[in-house]
Amino acid sequence: MFPNHTMPAHRRHRRDPRHDRGGDPFPFPFRDPFGRGRHGRSMIRRGEIRPLILSVLAAKPMHGYEVIQDLESRSGGRWRPSAGSVYPTLQQLADEGLVTVEEVDGRRVYTLTDAGREAAKDAPSPAFGTAEPEADDFRRFVAAVMQVEKVGSPAARRETHRILAEARKEIYRLLAEDTAGTGEA
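Residues numbered from 1 in each chain as written. Predicted model: local features only at pLDDT ≥ 70, side-chain atom pairs only at ≥ 80, totals over all residues. Heavy atoms only, no water.

Caption draft 1: Fine view of the sheet that holds strand S1 (residues 62–63). Taken in spatial order, the 3 strands of this open sheet run S1-S3-S2, and their pairing is antiparallel. Since the sheet does not close on itself, it has two edges, and those belong to S1 and strand S2 (99–104), each with one partner. Bridge count between S2 and strand S3 (residues 107–112): 6 bridges; the pairing is antiparallel. Of the residues in S3, the one forming a bridge with Val 104 is Arg 107. Against the sheet, helix H3 (residues 83–95) engages S2 and S3, with an angle of about 115° to S2. (Pairing = 2+ DSSP bridges. Helix = DSSP H or I, 4+ residues; strand = E, 2+ residues; numbered from the N terminus. Contact = heavy atoms within 4.5 Å. Axes fitted to C-alpha atoms, helices over the stretch in contact; angles between N-to-C directions.)

Set out below in structure tokens:
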């Protein structure tokens, strides 16, 4: 077989980093600080969405899309559950007798049963609103930097890199003063 560099382009593996022609311009993942894992997937697993759906339905009966919108709203737009996780969970809750399903205006509306209300009380409350405002500022800052890297002119990119270099120096200066003041090394 041919070594990768002599192999025709159509036969190379897509993820060979030597042939990467795009992707993240940064040497480290920026998605992690945003509550997202690899490839932008949510960090909330399907099993963890169950108590969130119960808490949303405790407020009022809703159809599936309303559940998705409500969860996105409660997270401040930081997380939008996929239909592929919400609808199977709603069906599972219905199979377990925790919700009832009724057709209203051509849509399936889910309502908690008495057992569902009990389960909602026992379910942990979603902690979407606990993020500090500074974390949102950081997210917006990083999003702006990423936007410049993607669509900015070469001059805008150079200026952004200059600003980031100065900011990095200032941050390390603050960190050095902070550790010097606490006696830590």
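Read on for the rest.
Caption draft 2: The arrangement of the packing of helix H2 (residues 64–74) against H3 in detail. Where H2 contacts H3, the two axes come as close as 10 Å, and the packing angle between them is 125°. One element, H2, and the other, H3, form an angle in the oblique class. Where H2 crosses over H3, the handedness of that crossing is right-handed. Residue-level contacts link Gly 64, Tyr 65, Val 67 and Ile 68 of H2 to Ala 83, Val 86, Tyr 87 and Leu 90 of H3. Grouping the constituent residues of the contact of H2 with H3 by class yields 7 nonpolar, 1 polar and no charged. (Parallel < 35°, antiparallel > 145°, perpendicular 65-115°, else oblique. Left-handed = near helix turned anticlockwise from the far one by under 90°. Nonpolar A, V, L, I, M, F, W, Y, C, P; charged D, E, K, R; others polar.)

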